[in-house]
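# An overview of the molecular structure
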Amino acid sequence: MTLLLKAESITKRYGAVVALSDGGLELEQGEIHALLGANGCGKSTLCKIIAGTVAKNSGTLSILGRAVEIGGPREAEALGVALFYQELSLVPQLSVADNIFLGREQRSGAGFLDARALRRDTEQLIARFAEVAGAGFSADALVSDLSPDQRQIVEILKVLARKPRIIIFDEATAALDRNQVALFFAILRELKAEGVSSIFITHRMDEVFEITDRITVMRNGATVARFVTAETDRQAVVHAMVGDVTALAERPAARPRSDKPARLVLESVGNKRVQQVSLSLRPGEIVGLGGLQGQGQSSLLQGLFGAAPFTSGTIRLDGEQVRISRPSHAIGKGIAYVSGDRGRDAAFHGRSIFENIAAASFSKERPAMVWPGRLRERFTKAAATLSTKYAGLSAPIGSLSGGNQQKIFIARWLATQPSVLLLDDPTKGIDLGAKADFFALARRLADEGAAILFYSSEDAELLSLCDRILVFNSGAVAGELEGEALTAYNLTNAAYGRAA
Amino acid sequence: MTPARTNPAMAALRNRVWLVTLSALIALFVINWILQPNLVTPNVLKSNLTVFLPVVLVAIGQSYVILGGDIDLSVGSIVALVNVVTVSVIAALGGGVPAIFAGIGAGILTGVACGLVNGLLIAGLRFQAIVTTFATGIIFGGLALRILPTAGLPVPAEYWRTYGGAVLGLPVVLWVLILALVIIAIIARRPFIKHLSAVGGLRQAAFQSGLPVARIRILAYVLAGLFAAFASLCLTGETASGDPLMGRLLALSSISAVVLGGAALAGGSGSAFGAVLGALVLGMIGNVIFFARFPFEYQTLIQGLITLLALAGGVLVARR
Ligand SMILES: Nc1ncnc2c1ncn2[C@@H]1O[C@H](COP(=O)(O)OP(=O)(O)OP(=O)(O)O)[C@@H](O)[C@H]1O
Ligand SMILES: [Mg+2]
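The rules we used
- Residues numbered from 1 in each chain as written.
- Chains lettered and ligands numbered in written order.
- Predicted model: local features only at pLDDT ≥ 70, side-chain atom pairs only at ≥ 80, totals over all residues.
- Heavy atoms only, no water.
- UniProt positions renumbered as here; feature names shortened; annotations may be inferred.
- Helix = DSSP H or I, 4+ residues; strand = E, 2+ residues; numbered from the N terminus.
- Rg over C-alpha atoms; globule rule 2.2 N^0.38 Å.
- Contact = heavy atoms within 4.5 Å.
- Areas by Shrake-Rupley, 256 points an atom, 1.4 Å probe, with all protein chains shown as cover.
- Lys, Arg positive; Asp, Glu negative; His and termini not counted.
- Charge placed at Lys NZ, Arg CZ, Asp CG, Glu CD.
- Pairing = 2+ DSSP bridges.
- Axes fitted to C-alpha atoms, helices over the stretch in contact; angles between N-to-C directions.
- Salt bridge = Lys/Arg side-chain N within 4 Å of Asp/Glu carboxyl O.
- Polar contact = N/O pair within 3.5 Å; in protein donor to acceptor, adjacent residues only side chain to side chain.
- Nonpolar A, V, L, I, M, F, W, Y, C, P; charged D, E, K, R; others polar.
- Donors = N, O, S within 2.8 Å, 3.2 Å for Na, K, Ca; no water.
- Buried < 20%, exposed > 50% of the residue type's maximum accessible area, 1.4 Å probe, protein only.
- Near = heavy atom within 4 Å.
- Domains from an automatic or database assignment.
- Buried area = accessible area lost by both parts, 1.4 Å probe.
- Expected span 1.5 Å × (residues − 1).

As annotated in an unreviewed UniProt entry, chain B carries the name Ribose transport system permease protein and is attributed to Devosia enhydra. Taken from UniProt, the Subcellular location (unreviewed entry) comment for chain B reads in full: "Cell membrane".

Going by an unreviewed UniProt entry, chain A carries the name Ribose transport system ATP-binding protein and comes from Devosia enhydra. The Sequence similarities (unreviewed entry) field of the UniProt record for chain A holds the comment "Belongs to the ABC transporter superfamily."

See below:
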């Protein structure tokens, strides 16, 4: 084996925040290497330094034994390094094709854009994902019109189109469903066979053991452990990452259905992407929305929240018929919506963490005046429940790691004390420990009487949190699993439309 | 949100807001024709184009800056500065044909230099675009007054006669428009335009994709300066003399034209061709109001209302 890339004692400070104190990584030719660690431990920062978008303070990088200084993304590309950005590097206003080949457009002899070659090359790349990408995924589609998983696929293709020999995938699977991940892994294996090396960051342990050869673990800005995947186990790795944590809470033993009257009843509601969905949700219940990616789960939640309002059917809240055609209606009625699509749905870029948390509380409570002092205390508590790592409430949201940003958006809605909580892939990018805390918190909210609808792109999450699961297919409920029937096997079968 | 299954016609329109601008232009043209039956005669069309051309040219340059997510409030002052530089150089060199060419060259260089200054301050030193070009606009205007304190200094007859004349049977003003359209067609087919859209759409993503962000933004400002210089040379041909206060309203009308042409002020979408249509719409609105013989005191009011109406069409299409 030849050592392809070596990063040694890398440090990086942002003002007073130390993002990296001793980052290190050794990548061999043709391996798939997991880079693991809790939220905010410095994984993305280390990768951005390798990819030239962030300048290190000290430390050394070498490729094939030769020390290199990577001054910018261009230079990284010249060295054959490409990075899948956790927060994506796509321009919403441009098409899929333009994004994939941005900066390396096909040109005709005179230096003009070669639209035909662009289209041909894009379609070639897209073809691989055609089966799993879902509706509306084409070379000409605008990136702003794509769903979160589709945008991740574009980012993957953008990286692949650069034909690098070192690829860093920073949470490339966070919004992908099982099929999409499977295809992605198939591609990773092909690349590996061609001698390409990949660094793979994820918070999903199953994926680590399925695909990677070796593991590097970081903690608080430093590299603390290295493993050979085949020679270790999950417990050892998790322990290196976060110390002792409680495993994901087991689903509580099936409890008797409470006979309280339903909190939320939907009668054949529909919007652009869901049809004729009916369901009933009692206080204290956590109901999962399962199925393959993009079968209408998110659209149902967005419909309920008024972001993509229902055009048919009725919504009853505590027995009373309500109309929700705008998010402000929903918020006023105690409905909260946590989106995993933070880049587009949730973040006020460039604003402080305080303002980002406050947004939902303000629209619910409509205070005439704001006393930041009092809110500060409340928000600090909300953020602390998920052990969010941040410098202070007035720091800009962009200074947080991806997972910590997501925790802020969860805190935003928890601070409103909702009676109906809509979770739309809420754990995207948050680490194991925080996920366990979050699940416990959701359970506690339910026990206090909230009703919760939960969509996740990861089946294991649904199975561990939900009392029952509605399986979606093509915008409609195709099946329902409950009690004994809640198994991974049944869930998979139901997702493909076979009887459970 | 989830990808909406909008009907394809609407989707196609959303990416081509300029189609709406084109419809508005046609509608205004027809109304103008009804109000002014001799509109479609070579002379009237030519004089209309002569009036509209400076705004069209400035709007083209402005459209690149706006596509890149910036703005240029100094283009009006660049027009003035280019004008006084041109007439001064021509006068200083004695006013012959070579002097005219030297003057035109000096004017174009002045426009490019002004754009370069803007670009370096904004993309290089990371100053705020609005405030910076507001300030440089005052400086360029001040320089113009310093060079030529009062209007005057006529240009030689060869200059304005040529500009008002015809070449190969077509008026020179039309040739200028054709040339401008050819230039924007060329730019629209270069990778530069994609890079500029990316820089205006999401600067972070453009940087991460390896684009030379600062260089691209500077180039957009240089284009704005260049097209402002073209506009100034045209205005000089029309007025036939120097005027340090020339073009004062051009910054705002060029921005309006760009937005009317379907661009987002936030950057990342829009086209120079749309800006041309937007500028023509602005001009036609002025015509219609003039020929409809509204009482003088209502003209400005109605002009504002029609402009809003034209804008509304694009907004309705672009909104989801
Ligand atoms: N631009 C910035 N300004 C200030 N602090 C920053 C900035 N970027 C990152 N940090 C800080 O550096 C630390 C490491 O962040 P990084 O994004 O590398 O974490 P990560 O390991 O990728 O976490 P996650 O799993 O949540 O993505 C965090 O504490 C973060 O707050
Ligand atoms: Mg990260």
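If you tally the helices and strands in chain A, you get 18 helices and 20 strands. Whereas a compact globule of 500 residues would reach a radius of gyration of roughly 23 Å, chain A reaches 23 Å, a difference of no more than 12%. The principal-axis extents of the C-alpha atoms in chain A amount to approximately 70 × 50 × 50 Å. Taking the intrachain contacts of chain A between residues at least 6 apart in sequence as the baseline, contacts between residues at least 24 apart amount to 67%. Split by element, the accessible area of chain A, about 20000 Å² in all, is 51% carbon and sulfur. Across chain A, 57 positive and 55 negative side-chain charges occur, with their mean positions spaced 5 Å apart.

This part takes up the sheet that holds strand 16 (residues 335-339) of chain A. All names here are of chain A. Pairing is mixed in the open sheet, where six strands are placed in the order 16-17-18-13-19-20. Lying at the two open borders of the sheet, with one neighbouring strand each, are strand 16 and strand 20 (476-482). Averaged over all pairs of adjacent strands, the angle between strand axes in this sheet comes to 20°, irrespective of strand direction. The strands that helix 10 (residues 297-305) touches are strand 13 (286-290), strand 16, strand 17 (420-424), strand 18 (451-455) and strand 19 (468-473); relative to strand 17, the one it contacts most, it runs at about 145°. Seen against the sheet, helix 18 (residues 488-495) touches strand 19 and strand 20 and runs at an angle of roughly 25° to strand 19.

Counting from both sides, the interface comprises 37 residues of chain A and, opposite them, 27 residues of chain B. At the junction of chain A with chain B, the criterion picks out one salt bridge. Across the salt bridge formed by Asp98(A) and Lys194(B), the nearest N and O atoms sit 3.0 Å from each other. Applying the counting rule to chain A against chain B returns seven residue pairs in polar contact (both at pLDDT 80 or more). Considering each element in turn, the side of chain A that touches chain B owes the most residues, three residues, to helix 2 (residues 73-78) of chain A. Within the side of chain A that touches chain B, the residues separate by chemical class into 15 nonpolar, 10 polar and 12 charged.

Residue and element names in this part refer to chain A. Binding of the magnesium ion (ligand 2) to the protein goes through Ser44 (OG) and Gln86 (OE1), at separations of 2.0 to 2.1 Å. Here serine 44 is found in helix 1 (residues 43-50), whereas its partner glutamine 86 is found in the loop between strand 6 (81-84) and helix 3 (96-100), with 42 residues between them in sequence. Like glutamine 86, serine 44 is buried.

Our next topic: the site of ligand 1. Residues and elements named next belong to chain A. Neighbouring ligand 1 are 20 residues, the closest being Ser44, Thr45, Ser399, Ser401 and Gly403. Within the side chain of glutamine 86, a nitrogen or oxygen atom sits 2.9 Å from an oxygen atom of ligand 1. Within the contact set of ligand 1, an oxygen atom lies 2.7 Å away from a backbone nitrogen or oxygen of glycine 403. Protein chains shield 87% of the accessible area of ligand 1, which is 640 Å² for the free molecule. Along the lines of polarity and charge, the residues of the shell around ligand 1 split into five nonpolar, 12 polar and three charged. Residue assignment places the shell around ligand 1 across two domains, with domain 1 (3-242) and domain 2 (264-495) each supplying three or more.

All names here are of chain A. The domains assigned to chain A are domain 1 (3-242) and domain 2 (264-495). A C-alpha centroid distance of 28 Å is found between domain 1 and domain 2. Contact residues are listed per partner, giving 27 residues for domain 1 and 25 residues for domain 2. Summed over both sides, the interface between domain 1 and domain 2 buries roughly 2100 Å², with carbon and sulfur atoms accounting for 43% of that surface.

What follows is about helix 11 (residues 213-239) of chain B. Residues and elements named next belong to chain B. Taking 1.5 Å of rise per residue, 27 residues should cover 39 Å, and helix 11 covers 39 Å from first to last C-alpha, within 8% of that figure. Counted residue by residue, helix 11 has 20 buried out of 27 residues, so it is predominantly covered. Directly after helix 11, the chain includes alanine 240, whose backbone phi takes a positive value near 65°.

Within this structure, the stated rule accounts for 27 salt bridges over all chains. Through salt bridges with shared partners, a single network forms among Arg204(A), Glu207(A), Lys435(A), Glu458(A) and Glu461(A).

A few words on unusual backbone geometry. Residue and element names in this part refer to chain A. A positive phi angle, near 35°, is found at serine 9, a position not held by glycine. In this fold, serine 9 is placed in strand 1 (residues 3-14). Judged by its relative accessible area of 41%, serine 9 falls in the partly exposed class. Here the phi dihedral of leucine 88 falls at roughly 65°; this positive angle occurs in a residue that is not glycine.

Take helix 1 of chain A next. Residues and elements named next belong to chain A. Along helix 1, seven of the eight residues are buried, which leaves the element largely enclosed by surrounding structure. Among the residues of helix 1, Lys43, Ser44, Thr45, Leu46, Cys47, Ile49 and Ile50 are the ones counted as buried. In the stretch just after helix 1, glycine 52 is the one whose phi turns positive, near 80°.

It is a general feature of regular strands that their side chains alternate between the two faces of the sheet. Residues and elements named next belong to chain A. Pairing between strand 11 (residues 264-270) and strand 14 (residues 312-317): five bridges, direction antiparallel. When the sheet's bridge partners are listed, glutamate 267 is paired in strand 14 with threonine 314. As paired elements, strand 14 and strand 15 (residues 320-322) share three bridges and run antiparallel to each other. For leucine 317, the partnering residue across the bridge sits in strand 15 and is glutamate 320. The antiparallel hairpin formed by strand 14 and strand 15 contains two residues in its connecting segment, where aspartate 318 sits at a positive phi of about 50°.

Moving on, we come to the sheet that holds strand 15 of chain A. Residues and elements named next belong to chain A. In spatial order, the strands read 12-11-14-15; together these four strands make up an open sheet with antiparallel pairing. Strand pairing shows two members of the sheet lacking a second neighbour, strand 12 (277-281) and strand 15, which therefore form its edges. Mean inter-strand twist for the sheet, computed between neighbouring axes without regard to direction, equals 20°. Bridging between strand 11 and strand 12 involves four bridges; their strand directions are antiparallel. Residue pairing across strands places leucine 266 opposite leucine 279, the latter belonging to strand 12. Strand contacts of helix 10: strand 11, strand 12 and strand 14, with the helix running at about 115° to strand 11, the strand carrying the most contacts.

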